[in-house]
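# Structural features, examined
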Amino acid sequence: MSTVLLKKENNIAYVTINRPEVLNCFDYQTLCRLRDVTEEVHLDPDVKVVIFTGAGDRAFSAGADLKERKTMDETEVRRNVKAIRDVFHQIASLPQPTIAAVNGYAFGGGFELMLACDFSIAAHGVKMGLTETNWAIIPGAGGTQRLPRLIGEMKAKEFIFTAKKCTAEEALDLGMVLRVVEKTELLATCNQFAADIMKNGPVAIKQAKYAITQGMNTDIQTGLEIEAKAYELTIPTEDRLEALQAFHEKRTPSFTGN
């Protein structure tokens, strides 16, 4: 059985970390498989939204596989850290909107996977956090960069320096997650959110994501220039004309992504 499962249905790609017996921890094989799956999803024009989750009902992912780490020399550790950093950057760079369906523990690298997604929806009572300093290391897959951008520098330092854990409800208050729902409703909620996104123009969604992501990492003037260029790409599309025609005819537009 693959350590990362990929299912495509109704223009949604479901990516599942499939190591429930070890709380969906990331070993090197899993990271390589996740890299390949992410690349496949990136290149698939039929995939409009990507949902990431963990197998079983205990964990989204508890992070690095510490049993594997204990057997590694320093070169192998560096290889693994680079692999997880690279694949999470690859996920953060996907052109499609991404949703983390956080169904259980999200610690360390699992929390960083959550941060790499555009949106996180968590089950009630789930615990999460960047716990790396407990192990005398630091978050190495984007946590020190993405968390401050999400909740502010001071709160991020608190979480990272103290290895603080929080509940999904606390994460909601801080803006780490978008919604908190019953575990039995988690996938349905993610599916509905994906549907709410996919009813809009596919090219527009991709360009809006690009403009936001790229603009957040620069000054406002450069961001406005990025926005202008992204807007330009939507003007010649058939979908833009379809939206105007549908408005005129008082009907729901039918978008094709062209």
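Each residue is numbered by its place in its chain's sequence as written, counting from 1. The predicted nature of this model means local features are confined to residues of pLDDT at least 70 and side-chain atom pairs, given and counted, to a pLDDT of 80 or more, with totals for whole chains, interfaces and linings taken over all residues. Note that the side-chain values use all heavy atoms of the structure and ignore hydrogens as well as water.

### With respect to unusual backbone geometry
- Of note in the backbone geometry, Asn-10 takes a positive phi value of approximately 55 degrees without being a glycine.
- Working definition: helices are DSSP H or I runs of at least four residues, strands are E runs of at least two. Numbering for both runs from the N terminus. With respect to the secondary-structure elements, Asn-10 resides in the loop between strand S1 (4-9) and strand S2 (12-17).

### A word on the packing of aromatic side chains
- Aromatic contacts are taken between Phe, Tyr and Trp rings whose centres are within 6.5 Å, Trp giving its six-membered ring; a plane angle under 30 degrees counts as stacked, one over 60 as edge-to-face, and the others as tilted. Summed over the entire model, instances satisfying the criterion amount to three aromatic pairs.
- Relative to Phe-88, the ring of Phe-26 has its centre 5.7 Å away and its plane inclined at 75 degrees; by these criteria the two rings are edge-to-face. Linking Phe-26 in the loop between S2 and helix H1 (28-43) with Phe-88 in helix H3 (residues 74-92), this pair joins segments that are 62 residues apart in sequence. An identical accessibility class is assigned to Phe-26 and Phe-88; each is buried.
- Considering the side-chain rings of Phe-119 and Phe-193, the 4.8 Å spacing of their centres and the 85 degrees angle between planes classify their relative orientation as edge-to-face. One end of the pair, Phe-119, is in strand S7 (residues 119-123); the other, Phe-193, is in helix H8 (residues 186-198), and 74 residues separate them in sequence.
- Relative accessible area serves as the criterion here: at 26%, Phe-119 is assigned to the partly exposed category.
- Note on classification: 1.4 Å probe, protein chains only; a residue is buried when its accessible area is under 20% of the maximum for its type, exposed when over 50%, partly exposed between these limits. On the basis of relative accessible area, Phe-193 is assigned to the buried category, the value being 11%.
- Only lysine NZ and arginine CZ atoms are considered, and such an atom sits over a ring when it is within 6 Å of the ring centre and within 35 degrees of the ring normal. The lysine or arginine in question, Lys-7, covers the ring of Tyr-14, its NZ or CZ lying 5.1 Å from the ring centre.

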